Amino acid sequence: KAGKERIAFLTNTNSDLKIIDDLKLSNPSYNSTEALNKLEERPDIRAAQTSLSITRQRKLGAKGEFLPNVYVDGIYNFRQGSSRESFFAQFIFEIPIFSGGKSIAAIQEAESLEKEAELNLGYLIKSSTEEIRKAYSAFLSSEKEAQAYKKALDFAEKSHNLIS
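This one's a predicted model, so the numbers in the text were calculated from it and none came from an experiment.

The rules behind each value
- Residues numbered from 1 in each chain as written.
- Predicted model: local features only at pLDDT ≥ 70, side-chain atom pairs only at ≥ 80, totals over all residues.
- Heavy atoms only, no water.
- Core = buried A, V, L, I, M, F, W, Y, C linked by side-chain atoms within 4.5 Å.
- Buried < 20%, exposed > 50% of the residue type's maximum accessible area, 1.4 Å probe, protein only.
- Helix = DSSP H or I, 4+ residues; strand = E, 2+ residues; numbered from the N terminus.
- Contact = heavy atoms within 4.5 Å.
- Salt bridge = Lys/Arg side-chain N within 4 Å of Asp/Glu carboxyl O.

Caption draft 1: Examining the nonpolar core more closely. In terms of nonpolar packing, the biggest core is built from 6 residues, these being Ile-45, Ala-48, Leu-52, Ala-117, Leu-121 and Leu-124. Sorting the residues of this core by element identifies helix H3 (43-63) and helix H4 (100-163) as the ones contributing at least two each. Aside from chain neighbours lying at most four places away, what touches Leu-121 is Ile-45, Ala-48, Gln-49 and Leu-52.

In structure tokens, the structure reads:
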């Protein structure tokens with residue numbers, strides 16, 4: 001009884017005060033494996049994948065600079081006043097003979113940007129995986145910590161009841 005009176009005096013509360021554990025840790029609706037499987041649905045990962053896809057398309061475009069260009073052009077003039085009706089057509093075929101250095105530089109730049117996008121995506125996947133694992137591990141350790149505190153509380157209440 002002396003222990004209860006001391007607690008009542010120190011805390012300025014009723015001596016019949018009981019500590020209630022009303023905090024409940026609920027398990028997440030997924031486990032770490034499911035979270036890792038859904039990793040590609042994250043917006044940052046999807047953005048990095050899109051960036052990689054765009055750089056691959058740019059690389060393909062840069063390689064296309066080596067291909068010849070073909071144009072067909074035509075002009076048709078209606079008869080107006082004293083002028084006659086006329087038609088003009090041309091067929092243009094361009095071969096990029098002297099632009100090889102520029103094309104090679106564009107391809108190398110596109111390859112460099114593609115490599116950068118690949119590395120960025122890899123880094124995001126690795127860091128996100130680590131983030132998920134750490135968060136799940138923190139949850140598990142918090143759960144164990146809460147159980148340890150519950151045991152300590154039970155032990156303290158038994159000890160307190162024995163003294164008083």
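Caption draft 2: Region of the structure containing the pattern of salt bridges. A complete count under the given rule lists 6 salt bridges for this structure. Of the charged contacts in the structure, one is a salt bridge between Lys-150 and Asp-154, with a shortest N-O distance of 3.8 Å. Of this pair, Lys-150 and Asp-154 both sit in helix H4, 4 residues apart, which is roughly one turn of that helix. Residue class for Lys-150 comes out partly exposed when judged on its relative accessible area of 38%. Assessed through its relative accessible area of 31%, Asp-154 is described here as partly exposed.

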